Amino acid sequence: MPYWMRLFNSCLNKAFAAYWQTQGINIIMNVTWSTPDSFEYSFEGIPTESVIAISSVAIKGHPYSFYRWQQGYEKAIKCLKPKSIIRYGDKMPNEHE
């Protein structure tokens, strides 16, 4: 997927979340990323020390995808310092509790 499309989808996700929050709906942000060049925008606008959701669906059994996922996961933990993580998909090796 081209860079601009990944950036647009990330912004759209955050715009919908912001709108729903203004309507009184509690939001748990789904944190997503792709390659390291997406880290600059993937974690922006997501509250630190909050509850986040992270997926590992479709990366198990794909070493390169797991490698990229693990890079983003570590960056998300470092940037967001989540209070709790709601996960969907299999737990990955070296993943924090």
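Source: prediction; values computed, not measured.

**Some thoughts on helix 3 (residues 63–80)**
Compared with the 26 Å implied by 1.5 Å per residue over 18 residues, the 25 Å span of helix 3 between its first and last C-alpha is a close match. Structurally, helix 3 contributes buried residues whose contacts are with helix 2 (39–42), strand 2 (51–55) and strand 3 (84–88). Looking at the residues trailing helix 3, positive phi occurs at Lys81, about 45°.

**Overview of the environment of Gly45**
In this structure, Gly45 sits in the loop between helix 2 and strand 2. Residue Gly45 is classed as exposed on the basis of its relative accessible area, which comes to 74%. For the pair Gly45 and Lys14, spaced 31 residues apart in sequence, the C-alpha separation works out to 7.4 Å.

**Some remarks on the packing of aromatic side chains**
Going through the model one piece at a time under the given rule, you end up with seven aromatic pairs. Ring plane angle 80° and centroid distance 5.7 Å describe the contact between Tyr3 and Tyr41, whose orientation is recorded as edge-to-face. Here Tyr41 lies in helix 2 and Tyr3 lies in helix 1 (residues 3–22), a separation of 38 residues in the sequence. Assessed through its relative accessible area of 8%, Tyr41 is described here as buried. Relative to Tyr73, the ring of Trp69 has its centre 4.9 Å away and its plane inclined at 15°; by these criteria the two rings are stacked. Of this pair, Trp69 and Tyr73 are both found in helix 3, four residues apart, which corresponds to roughly one turn of the helix.

**Considering the sheet that holds strand 2**
One open sheet accounts for three strands, arranged 1-2-3; its pairing is parallel. Only two strands of the sheet have a single partner each, and these edge strands are strand 1 (29–30) and strand 3. Sheet topology note: the strand 1/strand 2 ladder contains two bridges and is parallel. Paired with Asn30 across the bridge in strand 2 is Ala53. Taken strand by strand, helix 3 contacts strand 2 and strand 3, and its axis lies near 175° from that of strand 2.

How each quantity is defined
- Residues numbered from 1 in each chain as written.
- Predicted model: local features only at pLDDT ≥ 70, side-chain atom pairs only at ≥ 80, totals over all residues.
- Heavy atoms only, no water.
- Helix = DSSP H or I, 4+ residues; strand = E, 2+ residues; numbered from the N terminus.
- Expected span 1.5 Å × (residues − 1).
- Contact = heavy atoms within 4.5 Å.
- Buried < 20%, exposed > 50% of the residue type's maximum accessible area, 1.4 Å probe, protein only.
- Phe/Tyr/Trp six-rings, centres within 6.5 Å; stacked < 30°, edge-to-face > 60°.
- Pairing = 2+ DSSP bridges.
- Axes fitted to C-alpha atoms, helices over the stretch in contact; angles between N-to-C directions.

The analysis is restricted to geometry; functional conclusions fall outside its scope.
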